[in-house]
Amino acid sequence: MNLILIGPPGAGKGTQAQRLIDLLKIPQISTGDMLRAAKAAGTPLGLEAKKHMDRGELVPDQVVIGLVEERLKAEDCRSGYMLDGFPRTLPQAEALEKLLGRMNKKLDHVVLIEVDDEIIVERITGRRSCPKCNRIFHIKFDPPKQGACACGYRGEMVHRADDREDVIRERLRVYHAQTAPLVEFYRKQGLIRAVKGVGSLDEVFDRISKVLGSKGA
Ligand code: AMP
């Protein structure tokens, strides 16, 4: 199966993507992960990407299109793939269409996870992580029990710099301006499968499984 996963930052795409690849046995192609790896490795591409990523902006189209093109050629994408975080702009979607045409591949579904902005801001700004084992908490919805993590750490939990309200609002603004138009692009092709991203992780996953199943997947 060939999929794209679209949704605002903080919609839970990463978690749902992980479950989907386990279920469908297809590789996940996350441009965010690929760019973070390049950034951590300090490659020229990673250094270029870092400038944009740290400000909540998108990395230039040509950079990500090149990365995806290389990745889609890999052997493990022959029986399917899931694109997560790509395409993010109309030029990326158009480039992908040409690329898939050249490679004789097609798209089956574009899963859209919908969550209101204010819910996302509340989810992300309340996020904290354990400095010892990286487990994620939420100060309101999932606080550490008796002030301690299951790993034994007891103390202040970490608030990541990119979970700050101004950064998340900028990423949401970019999403609405640049990524939301893609929904129309794929809706015209009859590919959009929209699901509500609120409720438990299991509930959201059930909704996704249903929309994929009901389309004969
Ligand atoms: P993500 O983990 O998908 O939220 O991506 C983190 C950051 O990587 C984004 O805020 C962008 O700066 C950059 N990024 C990831 N995917 C893309 C893409 N398809 N186009 C441009 N920038 C991207």
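Everything below is about the structure printed above this text.
The notes below deal with the structure included here.

Rules used throughout
- Residues numbered from 1 in each chain as written.
- Predicted model: local features only at pLDDT ≥ 70, side-chain atom pairs only at ≥ 80, totals over all residues.
- Heavy atoms only, no water.
- Salt bridge = Lys/Arg side-chain N within 4 Å of Asp/Glu carboxyl O.
- Helix = DSSP H or I, 4+ residues; strand = E, 2+ residues; numbered from the N terminus.
- Buried < 20%, exposed > 50% of the residue type's maximum accessible area, 1.4 Å probe, protein only.
- Near = heavy atom within 4 Å.
- Polar contact = N/O pair within 3.5 Å; in protein donor to acceptor, adjacent residues only side chain to side chain.
- Nonpolar A, V, L, I, M, F, W, Y, C, P; charged D, E, K, R; others polar.
- Contact = heavy atoms within 4.5 Å.

### Things to note about the pattern of salt bridges
At step 1: According to the stated counting rule, one finds 21 salt bridges in the structure shown.
At step 2: Where D33 meets R36, a salt bridge forms, and the shortest distance between an N and an O atom there is 3.0 Å. Residue D33 and its partner R36 are located together in helix α2 (residues 31–41), separated by 3 residues, close to a single helical turn.
At step 3: Judged by its relative accessible area of 47%, R36 falls in the partly exposed class.
At step 4: Among the ionic contacts, a cluster of salt bridges with common partners joins K39, K50 and D54.

### What to know about the site of the ligand
At step 1: Surveying the vicinity of the ligand reveals 14 residues, the closest of which are T31, E57, G85, Q92 and R171.
At step 2: Here V59 contributes a backbone N or O atom positioned 3.0 Å from a nitrogen atom of the ligand.
At step 3: In this structure, R171 approaches the ligand through a side-chain N or O atom, which is 2.7 Å from an oxygen atom.
At step 4: Sorting elements by how many residues they give to the shell around the ligand places α2 first, with 4 residues.
At step 5: Across the shell around the ligand, the residue classes tally to 6 nonpolar, 4 polar and 4 charged.

### Overview of the environment of A93
At step 1: Here A93 lies in helix α5 (residues 90–103).
At step 2: By relative accessible area, A93 is classed as buried at 0%.
At step 3: Separated by 86 residues in sequence, A93 and T179 have C-alpha atoms that sit 9.8 Å apart.
At step 4: If we skip the residues at most four places from it in the chain, A93 touches P87, L182, F185 and Y186.

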